[in-house]
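Structural overview
Residue-level listing of the chains:
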Amino acid sequence: MATASLNTLCTQSVPFFFLSDFEGKDLACYPLDTLADEDIEFAFHATGTPHDTQVEKQPIGFEPYKEKLLRVQEYIRNGDTYLLNLTQPTPIECSDSLHTIYAKANAPFKLRFKDQFVCFSPEKFIEIIDDRIYTYPMKGTIDASLPHAEETILSDEKEMAEHLMVVDLLRNDLGIVATNIQVEKFRYIDRIKAGTKKLLQVSSKISGKLESTWPSRIEEILHALLPAGSISGTPKKRTVEIIKEVEGYQRGFFTGVFGYFDGKDLYSAVSIRFIENTPSGHVYKSGGGITIDSDAQKEYEELIDKIYIP
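Our subject in this report is the structure included herewith. Just so it is clear, the structure is predicted and the values come from calculations on it, not from any experiment.

This part is about the pattern of salt bridges. For the coordinates displayed, the defined rule picks out 20 salt bridges. Notably, a salt bridge pairs Asp-96 with Lys-104, separated by 2.9 Å at the nearest N-O pair. On the basis of relative accessible area, Asp-96 is assigned to the buried category, the value being 13%. Its salt-bridge partner being Lys-236, residue Asp-173 comes within 2.7 Å of it at the nearest N-O pair. Remark: Lys-236 occurs in helix H8 (residues 236-247) and Asp-173 occurs in helix H6 (residues 157-177); sequence separation between them is 63 residues. In this structure Asp-173 comes out as buried when scored by relative accessible area, which is 7%. With a relative accessible area of 13%, Lys-236 lands in the buried category. Here the residues in one salt-bridge network are Glu-23, Lys-25 and Lys-244, joined through shared partners.

Locating Asn-7 in the fold gives a position in helix H1 (residues 6-11). Accessibility expressed as a relative area gives 13% for Asn-7, which makes it buried. Separated by 3.2 Å, the side chains of Asn-7 and Glu-220 make a polar contact. Setting aside residues up to four positions removed in sequence, Asn-7 forms contacts with Pro-215, Ser-216, Arg-217, Ile-218, Glu-219 and Glu-220.

What follows deals with the nonpolar core. With 72 residues, the main nonpolar core has Phe-18, Phe-125, Ile-133, Trp-214, Ile-218 and Phe-258 as its most contacted residues. Per-element accounting of this core gives the leading share, six residues, to H6. Residues in contact with Ile-133, not counting those within four places in the same chain, are Ile-126, Glu-127, Ile-128, Leu-174, Val-177, Ala-178, Ile-206, Ser-207, Gly-208, Leu-210, Ile-221 and Leu-225. Residues Leu-98, Ile-275, Ile-307 and Ile-309 belong to the second largest nonpolar core, which totals 14 residues.

Mapping Gln-297 onto the fold places it in helix H9 (residues 296-305). Given the relative accessible area of 35%, Gln-297 is considered partly exposed. Distance in space between the C-alpha atoms of Gln-297 and Phe-62 is 7.7 Å, their sequence separation being 235 residues.

With that out of the way, let us pick up empty space enclosed by the protein. Considering all chains together, one arrives at two cavities of 30 Å³ or more under this definition. Asn-85, Lys-139, Gly-287, Gly-288 and Lys-306 are the residues nearest the centre of the largest cavity, which is lined by 25 residues in total. Those elements giving two or more residues to the lining of the largest cavity turn out to be strand E5 (83-93), strand E10 (138-143), H6, strand E17 (281-290) and H9. Per-element tally for the lining of the largest cavity: the top contributor is E17, with five residues. Of the residues that constitute the lining of the largest cavity, the class distribution is four nonpolar, eleven polar and ten charged. Of the pockets and cavities examined, the second largest cavity occupies roughly 50 Å³. As for the second largest cavity, its lining consists of Glu-123, Lys-124, Phe-125, Thr-135, Tyr-136, Pro-137, Leu-170, Ala-228, Gly-229, Ser-230 and Val-270. Taken together, the residues of the lining of the second largest cavity break down into six nonpolar, three polar and two charged.

Rules of the game
Residues numbered from 1 in each chain as written. Predicted model: local features only at pLDDT ≥ 70, side-chain atom pairs only at ≥ 80, totals over all residues. Heavy atoms only, no water. Salt bridge = Lys/Arg side-chain N within 4 Å of Asp/Glu carboxyl O. Buried < 20%, exposed > 50% of the residue type's maximum accessible area, 1.4 Å probe, protein only. Helix = DSSP H or I, 4+ residues; strand = E, 2+ residues; numbered from the N terminus. Polar contact = N/O pair within 3.5 Å; in protein donor to acceptor, adjacent residues only side chain to side chain. Contact = heavy atoms within 4.5 Å. Core = buried A, V, L, I, M, F, W, Y, C linked by side-chain atoms within 4.5 Å. 1 Å grid on protein atoms, 1.4 Å probe; cavity = no way out; pocket = protein on both sides within 12 Å on 5 of 7 lines; lining within 4 Å. Points joined across faces, edges and corners; volume = space filled by probe spheres on them. Nonpolar A, V, L, I, M, F, W, Y, C, P; charged D, E, K, R; others polar.

What follows is the structure, given as structure tokens:
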């Protein structure tokens, strides 16, 4: 990638777009006035167009998926991990190009990176506003059409345990780069349209105080926080090792992060709801958090439910 230095641009108050892969090993940025030449487009708090675009899904079979989930739970029983975000690639059939999918998709955070991939994410990563850093872990999903869906997801012990672990992980992550860490909102509901379904997703809001010199070390801040806790797990280092072993494919920029600096403040999102253009066709990458109490059938259905164009 042709890229500039995040620290340099941020210190000079030059607006830029940035993008990272899952592990934070490929971190690049582009001044905003170069994006058209680079064939990159993104939008925050975006809207698309009314559409009925459907995708034909060819997901991994239930038994192979269950085998992977059971391996994760064996690692949990051995104390290697407590929460792991298990994802899989799903070949899909969709007549639209990445350009058209990007234009149609209705999502808070959208990105099309050349002809390589498109992302339409519902999840923030971090925001830095007036020298304060915020993160919004999203963990817990339920079909909104189910009876008493909101009460069910908020009272589910497995979902509560999973969300608590992610909040604790993100509190600790922010503590690496900031002080005065606070959980400002705990387990609030976002309503998301997921193709023909409506989903409820559970998020929390955590914040911390940064030194006013943070622009000179924005690269170090991002590297310290990556991979994003909500789409890796805890403890993070060992969990990422297990992810690589069990998933059996390369995530690449899926579950990485993307965002922009406006010359003063920084905004970013997690790269989920993700379609990649491959030599064999479009591939949709999706998944969910696994704990010792996870039910294989429910987790499999969640993985498939998350394959949609909003």
